[in-house]
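A structural walkthrough
Residues per chain, in single letters:
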Amino acid sequence: MIKNFVEELTWRGMIQDSMPGTEEHLMEAMRMAYVGIDPTADSLHIGHLVGVMGLKHFQLAGHKPVALVGGATGMIGDPSGKSSERNLLDEKTLKHNQDAIKGQLARFLDFDSDADNAAIIVNNYDWMKNFSFLEFIRDVGKHITVNYMMAKDSVKKRLSSESAVGMSFTEFTYQLVQGYDFLHLYRDKQCTLQMGGSDQWGNITTGTELIRRIDAGKGFALTWPLITKADGTKFGKTEGGNIWLDTERTSPYKFYQYWLNTSDVDAEKYIKIFTFLTRQEIESLIDEHKEAPHLRVLQKRLAEEITTMVHSKEELENAIKASEILFGNSTGDDLKQLNEKTFLDVFDGVPLTEIAKDAIEDGLDIIAALAEKGGFLKSNGEARRALKENSISVNKEKVKDDYTITSEDLINNKFVLLQRGKKNYFILRIV
């Protein structure tokens, strides 16, 4: 059964522009639509998630989603929203990246069922690699005028007087290559819709224009707004860089924290875009949040839903446990369950001193650990006073002045967490 995809995306705030007739076209029968994904890394980041959610909603509405990994376009670089050219990738790297990306997409899209609308993944390198330059300019280039290409915003910006770098011919031809992808999928798979971020509108409509001019066919275009944050900072970025879906690049704890720390305004917007909760569920959560904003109901539910979806229920529970280590009544056993990456993420920015392994194996006196060796407190006297006040903990357990740190105290065989009072943390790293 076909559901109204455009209506669903509209109430979720996920439509910026769509070509006239798109909604009607999708309601007539099962259709195929694609979203292009840049394969310059072997992981998606949360900036890609809007497109992934768009494809999933498309599948839930009864249509067939196509994830197009831009192996060919990844070798060129899209000028949209960029101020400089990107590095070009070799074939082996692109193949590795595509396989890794497919694994992540499979958490959202159904690739493996026998259903007519099972998702597929394609790579434009497969049909571009044997296309000669002469064939391309003869069969594709002659159908689009330079005037038409120059009128696109992505080209105008890079050629404007404000841009110091200008634009290479390689990048100028990007919209033709992307346009040809649409024509190829239209011919090969009867794909009639391309979707993407609003900065892609110019590239997408070049594709619909090629379909019209070369095949006298009809292609459709739909874009979603580029995600912004209420405070003006860039969505999906932190001081440490992108928030990735890959656990090696961004731990589930850090991923969970990113969503948990969303502002009220953004959380209300994001919960519609980044979860599959129903309209009724979301409206009641928004009402509940407005009655008691300090409980951060929206942020918690958003972080739970998206962490479970991208990682797993188990990783969500670990992320919640890790979050409680800083603010809750956790124990040394809880600390020892953290892997090294999560431990360092939880205590990011906490002062750290390196201690030789033999010092721990011989037993390290707590006073020396706090003052002379660790350097966290200024003197042995200050360390003794803090211990007398019962304000020192080792791995979250209170200790007295006769305590000795040994190998038994090590977290991940290399860390000891010292604490003074509730908020002052120090780490010993054993080397």
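Overview of the structure. (Residues numbered from 1 in each chain as written. Predicted model: local features only at pLDDT ≥ 70, side-chain atom pairs only at ≥ 80, totals over all residues. Heavy atoms only, no water.)

What follows is about helix α3 (residues 49-60). With 12 residues, α3 extends 16 Å from end C-alpha to end C-alpha; this agrees with the ideal 16 Å at 1.5 Å per step. When you tally the buried positions in α3, you get 11 out of 12 residues, the bulk of the element. Within the span of α3, buried status applies to L49, V50, G51, V52, M53, G54, L55, K56, H57, F58 and Q59. The first or second residue beyond α3 is G62, which carries a positive phi of 100 degrees. (Helix = DSSP H or I, 4+ residues; strand = E, 2+ residues; numbered from the N terminus. Expected span 1.5 Å × (residues − 1). Buried < 20%, exposed > 50% of the residue type's maximum accessible area, 1.4 Å probe, protein only.)

Before going further, it helps to examine the pattern of salt bridges. A full pass over the atoms with the stated rule returns 15 salt bridges. One salt bridge connects R187 with D215, and the closest N-O pair in it is separated by 2.9 Å. Taken together, the residues R187 in helix α10 (residues 174-189) and D215 in helix α11 (residues 201-215) connect sequence positions 28 residues apart. Residue R187 is classed as partly exposed on the basis of its relative accessible area of 43%. Assessed through its relative accessible area of 29%, D215 is described here as partly exposed. Three or more residues joined by partner-sharing salt bridges are found here, namely E209, R212 and R213. (Salt bridge = Lys/Arg side-chain N within 4 Å of Asp/Glu carboxyl O.)

To continue, consider the pairing of strand β15 (residues 424-430). Of all the 7 residues making up β15, 5 are buried; the element is thus mostly covered by neighbouring parts of the structure. Note that strand β14 (residues 415-420) and β15 share 6 bridges and pair antiparallel. Opposite Q419, over in β15, you have Y425 as the bridge partner. The antiparallel pairing of β14 with β15 creates a hairpin that spans 3 residues between the two strands, and G421 there sits at a positive phi of about 70 degrees. (Pairing = 2+ DSSP bridges.)

So, to be careful, I would describe these as geometric facts and stop short of saying anything about function.
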